[in-house]
Structures are given as C-alpha cells and as structure tokens.
Amino acid sequence: GTYINDYFCEQALTTQFYKLSSLDSYYIPRDGLLASYKEFISLLPAVDHPEAFGQHPNADIASQITEARTLFDTLLSLQPQVTQNVPGGQSREDKVLELLSDVRQKIPQEIDYEGTVKVLSDDPNPLNVVLLQEIQRYNALLSTIRSSLQDLEYGIQGLVVMSTELEEIFTCIHDARVPPLWEKAYPSLKPLAAWTRDLASRVEMFARWAETAHPPVLFWLSAFTFPTGFLTAVLQSAARQNNVSVDSLSWEFIVSTVDDNNLVYPPKDGVWIRGLYLEGAGWDKKNSCLMEAEPMQLVCPLPTVHFRPTESKKKSSKGLYPCPCYYYPIRSGSSGRASFVIGVDLRTGASPPEHWIKRGTALLMSLDS
C-alpha cells in the first residue's frame, strides 16, 4: 500500500500540474528539481489569502477583528487600577456608581413563579414544565444581579468590606464587561450594555408567556438558557399528540419564505423558531438556499425556521448541508458547557455540502454585540 501511494505521489509531482488550492498561486511545479521548488516557494505570497484555505474573503475581516479585540483587552488589563482624583474629573468609584445605577434601572422585575404554577397546574404540557424551569433560572439570575449590585454599592461607600468577588464586579462594570458571576445562567460575549438589553428581552418573552398562559407563536430560541431542553419538550408534545414513541421522532427544517408578520398562528406540528444567524454564508431568500456571503457581511439573519417533528425515516441528504447551530460565537463552548445545540439541514444551493464545510458555515443563536 505504501509503495502504491508513493508511486502516485511521485506521478502527481513530476508529470502533472498539481493544484493545491483554488487560487492559481498555489501549485506544485511540473519540474521536480530542488532548485525549481526553492524558486517557486520564494515567489509565494508573504500573507496567505483566505481563499487558499477554502475560506471567504470575509474571514480576513473576522481575523483582524479578533486580533484588535485581543489587543484592546490586553491594554485594558495593563491600565492602572487606582487613579488619582483630578479636579473636576470623575473618579473610578463615581463612574462605577453611575453605571451601577443605570444597570439597576434596566434590570427587569422577577416573574411571578408561584402565580404561574397555579395558572398552569391543570396543564402538564412539557412546554409548561420548560417555562417554569426557565422562570426559576432567570429569577435566580435577577436576584443575584440585584444583590451583587447592592453589595457593591455598600462596598464603594465603605459600609461593607470589598471582597475579591466585589473587586472583580467593580472592575468588570468599570470596563463595561459582564461580571463572571452573572454569566453562570447562560454564556454570552456581549458587552455590559448590550447584555443588559438582551437580558431584558429574554425575560420579557417568558413574562408574556407566563402572563397569557399561551406559548408565543414565534419562539426566540436564544432566550432559553437550555434550548436543547425546550426542543426535547417539543418532540415530547408531538409524541403524545400522535401517540408515538419520542425516540421515533426527528427534525425536519423548513425555512420560511414569508415575512414574520404573516406568521400569526402556530404551525400544526412543531414550532416556529426565529432569531438565528448564519456565519460563513448568506441566504438566498428567493431560492431558499445557502449562497456566498456579501462582502463585509460577517453574519446574515436567517428567516424564521419551522422545526417540524417527523417520524425517523431514511431521509435523503442530497443537496442538504447539516449546519451546526451554536449557542454563541465560541463554538468550542466553555468548561462544563457545550456550545453546540443542534444540526439544522439547509439547502446547499449551487455549491456542494463540502464547500460549506470548508467555509466553516454555522448558525449562531447569539452574537457578540
């Protein structure tokens, strides 16, 4: 086997023009002499273009953004932690107190858990169980935020001792970052202001659901702290409705071709899911398939998707790309918490699935801004 492989490699190197990439610059010369190879290598570009690795030119932009953020994070970590009061200037403590007050005003009220339990007690629907679990988690988070803000205020005023944890929260709020203590409910890369607005939107969805005792027509999947639990509950509801085993069900994904305003009723089977973003590709609304991303477009909103439970059969994967969906931009996740949620089959359009694999095309439920 080794002899055969070596033979064909030798043939490829010496008898034909062997391309290494879609770009014309990258190839193995016909002449197998060492001097020719050295001369050829010296003529290769000093900086490799993204296309050399099957990536879109936008990958260069994403790489530069990451490098710039790393630089700024390093600069922030090196700045003096104690600043001298300048006449007419604002001290670090005053700035943090101001930001602290602003965050406290924008944090929503906790949802009435006990009242929701009473209203939903007669309906043991799996979705209602998920709702109650999410309310508990968000109420615990909101309580943690309020208590830590109160403790920090007392600490700045000198009424309590500033612990290591409070020092960390102080530094994070000063730098407009989310304190790690608040990120335990769900992962996020958003800065503090955007994270606070995002939290208010998440709680609002569950508060409205609890108040009306009816699930929303369009589910914002990113609002769930554990989206896999919600999707499992949808499958369980479908299994009970159709009197089949939940293990016999899988997903069919149908991307909507109409405006969300026209989706006024829930689907007969499954749920409408909104708020997903494509990274590494664009979306052709006319043909309802993947397409190349526009220049400078790093993420593309995906139209609402119908997650439809269907009985597991041998489905044709031809023309479909099993697009991985991640909770947030860090695809590897964090310690103890995976970022991968589910694989969503999307039509590949003119390019084969392998093309989108090289592009690293994926769905994101939450962005970093």
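Everything quoted here is computed from the prediction, not taken from an experiment. (Residues numbered from 1 in each chain as written. Predicted model: local features only at pLDDT ≥ 70, side-chain atom pairs only at ≥ 80, totals over all residues. Heavy atoms only, no water.)

K.L.:
Sorry if this is basic, but what is going on with the pattern of salt bridges here?
P.N.:
Oppositely charged side chains can form a pair if their charged atoms are brought close together. In total, this model carries nine salt bridges according to the counting rule given. With a closest N to O distance of 3.3 Å, Lys106 and Asp102 form a salt bridge. Here the residue Lys106 and the residue Asp102 both occupy positions in helix H4 (residues 92-106), the gap between them amounting to four residues, near one helical turn. Note on Lys106: relative accessible area 45%, which makes it partly exposed. (Salt bridge = Lys/Arg side-chain N within 4 Å of Asp/Glu carboxyl O. Helix = DSSP H or I, 4+ residues; strand = E, 2+ residues; numbered from the N terminus. Buried < 20%, exposed > 50% of the residue type's maximum accessible area, 1.4 Å probe, protein only.)

K.L.:
Help me understand the confidence of the model for the protein, please; the structure alone is not making it clear to me.
P.N.:
Residues with a pLDDT of 70 or more make up 88% of the protein, whose mean pLDDT is 86. Per-residue pLDDT stays below 50 along residues 1-16; that stretch engages in nine contacts with residues further than four places along the chain or on separate chains. (pLDDT = per-residue confidence, 0-100. Contact = heavy atoms within 4.5 Å.)

K.L.:
Looking at this model, I keep getting lost on the packing of H4 against helix H7 (residues 164-174). Mind explaining?
P.N.:
Between two packed helices, the angle of one axis relative to the other and the distance separating the axes together describe the packing. Put simply, H4 and H7 touch, their axes get as near as 9 Å, and they point 80 degrees apart. As summarised for this structure, H4 and H7 are arranged roughly perpendicular, according to the angle between their axes. Across the interface between the two elements, Arg92, Glu93, Lys95, Val96, Leu99 and Leu100 from H4 touch Phe170, Ile173 and His174 from H7. Residue composition of the contact of H4 with H7, grouped by class: five nonpolar, one polar and three charged. (Axes fitted to C-alpha atoms, helices over the stretch in contact; angles between N-to-C directions. Parallel < 35°, antiparallel > 145°, perpendicular 65-115°, else oblique. Nonpolar A, V, L, I, M, F, W, Y, C, P; charged D, E, K, R; others polar.)

K.L.:
I would appreciate a short explanation of the nonpolar core in the present structure.
P.N.:
Burial of nonpolar side chains together is a common tendency in soluble globular proteins. In this structure, Trp182, Leu199, Phe230, Phe307 and Leu346 are the most contacted members of the largest nonpolar core, which totals 74 residues. For Phe307, the contacting residues outside a window of four places in its chain are Leu231, Trp251, Glu252, Phe253, Asp269, Gly270, Val271, Ile273, Ile342 and Val344. (Core = buried A, V, L, I, M, F, W, Y, C linked by side-chain atoms within 4.5 Å.)

K.L.:
I keep staring at the sheet that holds strand S9 (residues 299-301) and nothing clicks. Help me out?
P.N.:
Reading across the sheet, the five strands line up as S9-S6-S13-S11-S12 and stay open at both edges, with mixed pairing between neighbours. The strands lining the two open edges of the sheet, one partner per strand, are S9 and strand S12 (340-347). With direction set aside, neighbouring strand axes in the sheet form an average angle of 35 degrees. Bridge count between strand S6 (residues 277-279) and strand S13 (residues 362-364): three bridges; the pairing is antiparallel. Opposite Glu279, over in S13, you have Ala362 as the bridge partner. (Pairing = 2+ DSSP bridges.)

K.L.:
How should I be thinking about the sheet that holds strand S5 (residues 271-274) in this particular structure?
P.N.:
Strand pairing in a sheet is mediated by backbone hydrogen bonds. Such pairs are either parallel or antiparallel. The four strands lie next to each other as S3-S5-S10-S4, forming an open sheet whose pairing is mixed. Each having just a single partner strand, strand S3 (218-220) and strand S4 (249-255) make up the two edges of the open sheet. If you compare each strand with its neighbour and ignore which way they point, the axes differ by 40 degrees on average. Inspection of the sheet shows S5 paired to strand S10 (residues 305-311) by three bridges, in the antiparallel sense. In the sheet register, Trp272 faces S10, and the bridge partner there is His306. Packed onto the sheet, helix H9 (residues 227-242) meets S3, S4, S5 and S10 and runs at close to 110 degrees relative to S4.

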